[in-house]
Amino acid sequence: MTLLAVENLTVLRGECPVVDHVDLAVGPGECVGLIGPNGAGKTTLMRAALGLERFKGMSNLARMRPVDRARAAAFLPQSRQIAWPVDVETLVSLGRVPHLPRGGKISDADRHAIEQSILRLGLDGFRRRIATQLSGGEQGRVLIARALAQQTPLLLADEPIAGLDPAQQIATMQVFAELAREGRAVVVSLHDLGLAARHCTRLVLMHQGRVIADGNPGQVLTPDLVAQVFGVSIWRQDSPMGPVFQPMDVL
Ligand SMILES: Nc1ncnc2c1ncn2[C@@H]1O[C@H](COP(=O)(O)OP(=O)(O)OP(=O)(O)O)[C@@H](O)[C@H]1O
């Protein structure tokens, strides 16, 4: 089964392709780290796949009616704008909107999904706090919880761990890996190559709009590719807790 199917997808800015003939298929059980330097095209690829950008090519999600798409995929955009001063529980409950019958009330199943998401993101103590009054990192976790409450087979998350402290970064990546183990799929863009290597089942490396490597972390994060694409050297060691990748120096 394929949850995300993108074929030959190209996004032009004027004459310039910022996403260039990308093919990507993601299925249940995969936690895909979308990596690449600033401007590589990661955000544009996700937005186009969701039908939020004009593109050439094919995306299964962009073809769907909005209500079907909202049940098929949750999207966590890079901008973490929270517009309304509502409490955390109310904000997370908005993730259930695609599942509510027209004019319908929240059901027990909805309540369960909201509760699970709040607990999963460690937000139990925050549920009555006004979301706009939380710190940037706390707001980020609330928005992740809202996306989880949507209970979609696929989650697309654009730099969700940027600005989180180390414990929250690890905990969030563990939640994504867990979702994949439960049979859902996650596509997450991130700049921390070490966390990407540790928690993702697969890495897709973008450079100048193209996918230039796609495979398991060891296949993608080779010293040559990392030097070519990111312009840094990388230190790699296998540890009892898995492989460790650490960018070391600018080349
Ligand atoms: N609205 C826009 N108009 C013109 N160019 C744009 C627009 N949005 C993005 N771009 C350009 O498209 C390219 C890809 O941008 P994109 O945001 O997809 O990269 P990214 O890989 O997500 O980068 P980052 O890691 O910095 O978030 C960049 O060169 C960017 O300047």
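Note: the structure precedes this text.
Keep in mind that what you see is a predicted model, and the values were worked out from it rather than measured.

Cut-offs used in this document
Residues numbered from 1 in each chain as written. Predicted model: local features only at pLDDT ≥ 70, side-chain atom pairs only at ≥ 80, totals over all residues. Heavy atoms only, no water. Helix = DSSP H or I, 4+ residues; strand = E, 2+ residues; numbered from the N terminus. Rg over C-alpha atoms; globule rule 2.2 N^0.38 Å. Buried < 20%, exposed > 50% of the residue type's maximum accessible area, 1.4 Å probe, protein only. Contact = heavy atoms within 4.5 Å. Areas by Shrake-Rupley, 256 points an atom, 1.4 Å probe, with all protein chains shown as cover. Lys, Arg positive; Asp, Glu negative; His and termini not counted. Charge placed at Lys NZ, Arg CZ, Asp CG, Glu CD. Salt bridge = Lys/Arg side-chain N within 4 Å of Asp/Glu carboxyl O. Near = heavy atom within 4 Å. Polar contact = N/O pair within 3.5 Å; in protein donor to acceptor, adjacent residues only side chain to side chain. Nonpolar A, V, L, I, M, F, W, Y, C, P; charged D, E, K, R; others polar. Pairing = 2+ DSSP bridges. Axes fitted to C-alpha atoms, helices over the stretch in contact; angles between N-to-C directions.

K.L.:
An account of the overall build of the chain is needed here, citing residue identities and associated values.
P.N.:
On a plain count of helices and strands, the chain comes out with nine helices and eleven strands. A compact globule built from 251 residues would reach a C-alpha radius of gyration of about 18 Å, and the chain, at 18 Å, matches this within 12%. Taking the principal axes of the C-alpha coordinates as reference, the chain spans close to 55 × 40 × 30 Å. Looking at the chain as a whole, 49% of its 251 residues qualify as buried. For the chain, the share of sequence-separated contacts (at least 6 apart) that also reach a separation of at least 24 residues comes to 64%. For the chain, the computed accessible surface area is about 12200 Å², with 52% contributed by carbon and sulfur atoms. Here the chain contributes 26 positive and 24 negative side-chain charges, whose respective centroids are spaced 7 Å apart.

K.L.:
Account for the pattern of salt bridges, with residues named and values stated.
P.N.:
Evaluated as defined, the whole model comprises 16 salt bridges. Between Glu89 and Arg128 there is a salt bridge, and its shortest N-O distance comes to 3.6 Å. Pair noted here: Glu89 is in helix α3 (residues 88–93) and Arg128 is in the loop between α4 (108–120) and α5 (136–149), with a separation of 39 residues, a long-range link. We note a salt bridge from Asp124 to Arg127, for which the minimum N-O separation is 2.6 Å.

K.L.:
Account for the site of the ligand, naming residues and giving values.
P.N.:
Neighbouring the ligand are 13 residues, the closest being Gly39, Lys42, Thr43, Thr44 and His191. Backbone polar atom of Ala40 to an oxygen atom of the ligand: 3.1 Å apart, as the coordinates give it. Relative to its unbound accessible surface of 640 Å², the ligand loses 58% to contact with the protein. Ranked by residues supplied to the shell around the ligand, first place goes to helix α1 (residues 42–49) with three residues. By residue class, the composition of the shell around the ligand is three nonpolar, seven polar and three charged.

K.L.:
Just give me the short version of the sheet that holds strand β2 (residues 16–26), but keep the residues and values in it.
P.N.:
Taken together, three strands build an open sheet; the order of strands is β2-β1-β4 and the sheet is antiparallel. On the outer flanks of this sheet lie β2 and β4 (56–59), each paired with one strand and no other. The average angle at which neighbouring strand axes cross in this sheet is 15 degrees, direction not considered. Those strands touched by α1 are β1 (4–13), β2 and β4, and its axis lies near 120 degrees from that of β1.

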